[in-house]
Structure formats: structure tokens, C-alpha cells
Amino acid sequence: MRNPILLLFLVFSFQTFGQRYEKDWGKVTALEAKGQLKSANEAVTKIFRKANRRKEDTEIVKAFLFQSKYSLVLEEESQRNFFRNLNEILPKTNKETQAILHFIYAKSLADYYRSNSYFIEQRTDTDTLAENDFKTWPKNIFLQTITQHFEQSLADENLLQNTPLSNYEALITKNQNFNHNTRTLFDFLASQYIRYVTTSDDFYRNGKTSPNDAVTEFHKKLASETPVFLATNTDSLSKAPKKIFSLYQKIEKHYQQTNTLFWLENTMLERLSFIFNEFFNEDNDFEALQIVSLENCVTNFKERYCNNEAKLLLAEQYQQNAAKITHPDYYKKALRLTDDVLSNPIGNQTNRAKKIQFSITAKSLSVTQNQTVLPNRINRALLQYRNLDKVYGSIYKFDNDFKDFDDYYEPKTDSLIVDVLKKKKPVLQFERTLPKQDDYFFSSTEILIPELKNGTYLIVFRGDTNELTYESPIGHTEVRVTNLAAESFVDLEARQHVQVFDRTTGKPIQNAEVIFSSFKAKTDADGKVVYQLNNENHQSQINFKCVYEKDTLYQHTAYDYYAHLRKNRKLKKAGQVSILTDRSIYRPGQKVYFKAIAVYRDEEEKIKVIADRELKIEIRNTNSEKIQEFSLKTNEFGSVSGEFVLPKNGLAGNYTIQVVNNPFQPENYYERYHADLAYFNVEEYKRPKFEITFSPVTSSYSVNQNIMVKGNAKALTGSNISEAKVVYRVVRNTQYA
């Protein structure tokens, strides 16, 4: 059960003691630190009696809070004793202290209710219960009593508005950035009431705006500067938000009349926080209003601390709502605001500003590439990067052993990748200059990967540095270079079926060697091999490799050990359509080539293609709007291919291409059917037009010697570039032995 009194100690501080009681409280603190709570409780009782004789309200309340905390630990009836003691103390204190005690009563009762709400809500509502026996109260009595004490804590508004919170500095947590001499006791107590109402069931169910509500002029007035807000009638609101805005109006009105700028501006920020974090439904489109409101605060606030707070809140909104198309300048605006804060920060504003700046300026890099590519061909990789000007690539080749391959590639974190690669030398290195971007958004570009021979490779990209370090952003992709392809599955008799074919032509390959851990065989004329698995093997994945001439393919297939137990069940034919495009990223107006293949698995678990069937294909943009459609028939290999041109003025973003009909529909026994989606990006990016390579420097040189460096500039078409202006720089790196 949550301790209601302990929560109060988050609000109250007991580190500042009056000189008269400093020695007594020091003894209490020492006993509590030793875990001697019974002795500490006895010491607090003595303080309470002394303060009660002298009518020192602050020490009475403080002693009461300590005593109540210990009683919750030491006495079975601690909760009842707590509220009983509160009722006894209330009439013995002055009105200001009574207001605080009413707040303590309401807060503690609310915490008890939340901790036991499940049991309390099972009780039947009633209006006739023993006043002090709160453990038997139903829900309605709890809520009524809580509200009653919160209201009583604010009953004498005029007195509390003119009572500085600093009068109770022995009770209230101090903040070196806040001047409690000018903050009122009414402000403090009203803020606690607002916090309670905001977390109440009534506010959650009836206080928020509806998901489909539009932002109206009334909402704009609620989020306006103080004079407009004070003139706004809130009678149209439901009970909970009306109470909250009413309290904010009372607080701001007093600070405006007394020209207490710090707490006026601070309260306005709290009001805006309530409006946009609590009052508005998260589905409402209120971001524009939030930004306008905070911009007004930045313009009008005169207190440095509050002005900095408004700048940080606005910077966070700029950061969260930055968009390449609609708000391309938001990141830069956020950085300017945080720079202003860092020029004159207060308290923890430095760390908050730096955190925002880091999230905007941090470098990032990721790479996507087909994991299986053809040998001796230039391939493309899709780079997604942020705040980078150049990437350095290194290609590492691994042994032709799929077990070692799995060991190498199992780590996915950058630090583990670095640990592995520092032990190996790359077979090829290259660098690419990225399309310039200074807007702090993620960008994408295609990068050409040099031709590779057959084998297994890891391609690693590093951002802005040629050194392999833990700090630099790293993107990596695993690549198998082979002209072989294989389809595999395990049937209900626990037999492994493998079919090997040419990746370029699609024709089956005869005499390819298929190697498992304890079995190997050569493919027949249809490129097939069948291997009886051991049912005692509980592996969920079976690894194998295919070897043909000087080419090797590593592959794995899923294995359901319990499938043979279901072999007597009637198996339905299952169909699938796979679809792919020639690239992963295009510019508007470019041509897209695509291919689809339709296959099915029959009752005997054999994979077959389906010919002469219509495939209806749709292409949709990032808003799921259809921009192209085709109707194509499969050929004898079960495949179709086509092309289309992207709109020159179309939307940028993620596009999809999909087969939308079921080509297996005429046979009703194809009860399982799956059509893959192919995704590609459409973006305005600059494609590299040329590539520069340098010959290795093989000689050694000393200071003041001339060095001859040879290089070659080629267009991506393969032709040499002549009569071009060459700009270069020499960078000195110091190495220490």
C-alpha cells in the first residue's frame, strides 16, 4: 500500500530548522538514519509537545508530519490516528496554518483513495456514515471529503493571497531560482488543488476536449496572455476544467495587480503546460496554437528565468514538429533559441539546452542493401544519414564457412562490430561525398558499391572519419555475392527440399552440390535435392550451402520439429506472390522497373510456379493514393515484369507496389494466400556523377620532399573526365608510437 504521508515529504523539506529546535531535529534525523524509528518517534513527540505549549504553528505542523510518518510504520491503526490527530490540531492553529492542514488532509485522503480505489469502488454510495471511520467510506464520500478539504484550504482567499510563502520556509522546499518572498500561499495551495483535479477521474472522463474538436477562438483565448485570459468566460466548460481555469485566473489576477512579474510569467507557463499536455486531447491539432503561444511568451516575458523556460519549451516544440516540407526551418529556430539560453542560463537550463542541441545535431548513418547480389556488377546501397558530409566505406571478406559467418554477424551493436573488424583488414576501401544538407533532417541517397567477386562480405560505412572508432556513426550491411539462388522447405515427413537455380536466368542448375552438416548430395536435372532430417533434432533453423563450380551460396530454412506430428491433417494448397523493384530509391520522373513471380505449394509440399494467370498490380504513393495500375499475365515461369514513370510533381516519401488480386482464386483449395509488398522511396536527391580514386602511395618520404600522387576521375558511365578543375586538400595526421 502506498504511504500517503511519505508523498508529502516530496513537497515539504525538513532540512531547514528553526534555531530553537535545531538540536532536537538533529537528534531525530540521526535516529532515523540509524533506522531507530520508535526512538525517533518519541523524540518528535517531545518536539510536538514543546511547540504546542509555545503555539508555534510551523513546528507543530512539522512535528505532526514526522509523527504521522512514523505512526504509519509503527502502529496498526496509523491511518486512523493520522486523521484523528489532524482533526485535533486544526482548531489550535492560525488560519494560514489551518489552510495548510486542510491541504494535507485532502492530499493524504486522496492518496489513500488511489491506493485502495479497487476496494472502495465496490462499496455502495451512501450519505450516512461515521465521520471519522474513513476506512468504511464509499467512493462518493471520499471524493466529497477530499474536495471539501481542498476548498477549505483556499477559503480565505484574500488572507492567503497576501501571505508570502516564505513565512513557511521551514516547511516548503526551497529552490534557489525562485523567490518565495513574492510567491503567495494561495498560489502554492491552489497549485496543489489543480494537480489533484487534473489527475481525477472526472477530469479524465469529462474534462478533456473531444478527439475531433477543432481549435476555436475560445481555445486561443485560454492560451493567450494574461489580460485576454482573465477576460475569458469559462462557464461553458465542464466542472473540472472550469475549476482549474478559475484558479489560474485568481492566481494571475493577483500577480498582475501586484506587478509580481516572475510568478505571473511562471504561472502562465504552468497554465500553457496544462492546456497542451492535459486539457487538449492528443488527437487535436493544437501544435500551431502551442507554438504561437510560446512565441508570444518569448517575445513578452521580461524575467530572465521565465524567458529562458519559454525558449526551451518553444525549442522542444520546434524540434518535435520539424518537417522537411512544411516546417523546414524549425530545427534552426530551435538551435537559435537554445544558443540564447546558453548565453545566460539559470540552474539546470544549461543541460536542457544542450540536450536539445545534441538531439538535433547528432550524426546518424544507416545503410540498406540487397543481402544477395550478383558478382562482378556495380551495386547500389541506400544510405540514410543526418549531419554528415562524407562517408568512408570498407569492405571485409569472411571465410567461406557459414558457422563463422553467423558468429561474425550475430553482434548488431556498433561497438561489437568495431571489436570484430579491428582484427581484420579490408579488401577494399572507398569514400563518397554526400549531397550537401544543412537543415539537420535525415536525407537519403544511393551510393555505388564497387564490383565484388563471389564470396561473403561485410560492408561498413563510417561517417566523417576514415578511422574505425566507437564514437563515429557506423552503418553496416551483410552481402553475399553469388549467381546462385535456392528455394527450400521442410515437408510434413521431415524431409528437407532444396532447389538450386541460376539467379540471373532462373533456370535450374544440375550437379550443384548441396551440403548439410551431416549430408551432401548433387542436384538432379530439376536442380533439386531431398534430404531426410533427423526428427530428434529440435533445431528451428537448418543451415546449408550450395556449391557450383567456383560459386557458393549459404542459406538456411525454417524447420518445425513438430510438423510431422501433424502430417495426417489435410493440407491445403498455399499460394504466394513475391514482387521486387530494380532499385530502392528514385527521383520524381524516373522510370521504375518491377518484377513479380507467383508460386504455390501443393499437397505434397512441392513448390510450383503458376503460368497464364492475371496479376492486378497497384502502385500507391506515400498517402496511399493509387497512381498506377497494371493487369499482366504470368509467363511459363510464373513471372511478370513491367515498368512505369513516376510523376514529376508527385509526393516524396515511401511508395508501395502490390498485387491486389488473388491469382489462385479459381481453385478454391488455395485457402492460404499471401502477396508481398514492395517498398521504395521517392526523394529529390543528387546522384553522384563521377568517382575519384587514388593510386596507393608505396614510397617513403621525409620532410620537404615532393610527393607525386596519381589519381583517376571517371564518370559513372565509365568514361574518363578530362579538362576538369581539380580541388584538393592535404590533411596531416599525427601518429604516436
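None of these values were measured; they are calculated from a predicted model.

## Comments concerning the packing of helix α18 (residues 330–343) against helix α19 (residues 349–361)
One can describe the packing of α18 onto α19 by two numbers: an axis separation of 9 Å at closest approach and a directional angle of 155°. Taken together, the axis directions place α18 and α19 in an arrangement best described as roughly antiparallel. Once α18 is placed against α19, the crossing between them reads as left-handed. Touching Tyr-331, Ala-334, Leu-335, Thr-338, Asp-339, Val-341 and Leu-342 of α18 are Gln-349, Thr-350, Ala-353, Lys-354, Ile-356, Gln-357, Ile-360 and Thr-361, all from α19. Here the contact of α18 with α19 is built from residues that sort into eight nonpolar, five polar and two charged.

## So, the sheet that holds strand β9 (residues 484–490)
Strand pairs in the sheet, formed through backbone hydrogen bonds, run parallel or antiparallel to each other. In spatial order, the strands read β9-β10-β13; together these three strands make up an open sheet with antiparallel pairing. Strands at the two margins of the open sheet, each flanked by one partner only, are β9 and β13 (528–532). Recorded for the sheet is a direction-independent mean angle of 20° between the axes of neighbouring strands.

## A look at the sheet that holds strand β8 (residues 474–481)
Within the open sheet, the five strands sit side by side as β2-β8-β7-β4-β5. Their pairing is mixed. Edge positions in the open sheet fall to β2 (372–373) and β5 (428–433), since each of these has one partner strand only. In this structure, β2 lies alongside β8, joined through two bridges in parallel fashion. Across the sheet, residue Val-373 finds its bridge partner in β8, namely Val-481.

## Regarding unusual backbone geometry
Notably, Asn-387 is not glycine yet its phi reads approximately 60°, a positive angle. With respect to the secondary-structure elements, Asn-387 resides in the loop between β3 (379–386) and β4 (390–398). A relative accessible area of 14% places Asn-387 in the buried class. Even without a glycine there, the phi angle at Ser-624 is positive, about 65°. Mapping Ser-624 onto the fold places it in the loop between β20 (614–620) and β21 (626–633). With a relative accessible area of 53%, Ser-624 lands in the exposed category.

## As for the nonpolar core
Across soluble globular proteins, nonpolar side chains show a tendency to be buried alongside one another. Formed by 102 residues in total, the largest nonpolar core has its most connected members in Ile-104 and Ile-275. Broken down by element, the residue count for this core peaks at 11 residues, all from helix α6 (residues 95–115). Counting residues in hydrophobic clusters, the runner-up holds 21 residues, among them Tyr-600, Ile-619, Phe-644 and Leu-646.

## What to know about the environment of Asn-41
By the element assignment, Asn-41 lies in helix α3 (residues 37–54). Considered as a pair, Asn-41 and Val-28 are 13 residues apart in the sequence and their alpha carbons are 7.9 Å apart.

## As for a positive patch on the surface
Taken together, Lys-27, Lys-46, Arg-49, Arg-53 and Arg-54 make up a surface patch of like positive charges. When residues in the positive patch are grouped by element, the largest group, four residues, is from α3. As for its placement among the helices and strands, Arg-49 is situated in helix α3.

## Concerning the packing of helix α14 (residues 239–257) against helix α15 (residues 261–279)
Close contact between α14 and α15 brings their axes to 9 Å; oriented N to C, the two are set at 165°. Considering their axes alone, α14 and α15 lie roughly antiparallel with respect to each other. For the element pair α14 and α15, the recorded crossing hand is left-handed. Taken together, the residues of α15 that come into contact with α14 (itself represented by Pro-241, Ile-244, Phe-245, Tyr-248, Ile-251, Glu-252, Tyr-255 and Gln-256) are Trp-263, Leu-264, Thr-267, Met-268, Glu-270, Arg-271, Phe-274, Ile-275 and Phe-279.

## Considering the packing of aromatic side chains
The final tally for this structure, using the stated rule, is 37 aromatic pairs. Pairing Phe-644 with Phe-680 gives two aromatic rings, centres 6.5 Å apart and planes at 50°, and the pair type is tilted. Of the two residues, Phe-644 sits in strand β22 (residues 639–645) while Phe-680 sits in strand β25 (residues 677–682), which places them 36 residues apart along the sequence. Looking at Phe-644, the relative accessible area reads 4%, which means it is buried.

## Regarding the side chain of His-254
You can see His-254 is positioned in helix α14. Using a relative accessible area of 13% as the deciding quantity, one classes His-254 as buried. With sequence-adjacent residues up to four places away left out, His-254 is seen in contact with Gln-161, Asn-162 and Thr-184.

## Observations concerning helix α2 (residues 22–33)
For α2, built from 12 residues, the straight-helix expectation of 16 Å at 1.5 Å per residue is met to within 8% by its first-to-last C-alpha distance of 16 Å. Among the residues of α2, Trp-25, Val-28 and Leu-31 are the ones counted as buried. One face of α2 carries all of its buried residues, which in axial projection span an arc of 120°. Looking at α2, the residues exposed on the side facing more than 90 degrees away from the buried face are Lys-23 and Ala-33. Where α2 ends, the next residue or the one after it, Gly-35, has phi of about 80°, a positive value.

## Considerations on α15
Here α15 is 19 residues long and its end C-alpha atoms lie 25 Å apart, about the 27 Å a rise of 1.5 Å per residue gives. Among the 19 residues in α15, 14 count as buried, and that is most of the element.

How each quantity is defined
- Residues numbered from 1 in each chain as written.
- Predicted model: local features only at pLDDT ≥ 70, side-chain atom pairs only at ≥ 80, totals over all residues.
- Heavy atoms only, no water.
- Axes fitted to C-alpha atoms, helices over the stretch in contact; angles between N-to-C directions.
- Helix = DSSP H or I, 4+ residues; strand = E, 2+ residues; numbered from the N terminus.
- Parallel < 35°, antiparallel > 145°, perpendicular 65-115°, else oblique.
- Left-handed = near helix turned anticlockwise from the far one by under 90°.
- Contact = heavy atoms within 4.5 Å.
- Nonpolar A, V, L, I, M, F, W, Y, C, P; charged D, E, K, R; others polar.
- Pairing = 2+ DSSP bridges.
- Buried < 20%, exposed > 50% of the residue type's maximum accessible area, 1.4 Å probe, protein only.
- Core = buried A, V, L, I, M, F, W, Y, C linked by side-chain atoms within 4.5 Å.
- Patch = residues over 30% accessible without salt bridge, like charges linked within 9 Å, V, L, I, M, F, W, Y side chains within 5 Å.
- Areas by Shrake-Rupley, 256 points an atom, 1.4 Å probe, with all protein chains shown as cover.
- Salt bridge = Lys/Arg side-chain N within 4 Å of Asp/Glu carboxyl O.
- Lys, Arg positive; Asp, Glu negative; His and termini not counted.
- Charge placed at Lys NZ, Arg CZ, Asp CG, Glu CD.
- Phe/Tyr/Trp six-rings, centres within 6.5 Å; stacked < 30°, edge-to-face > 60°.
- Expected span 1.5 Å × (residues − 1).
- Arc of directions from axis to C-beta.

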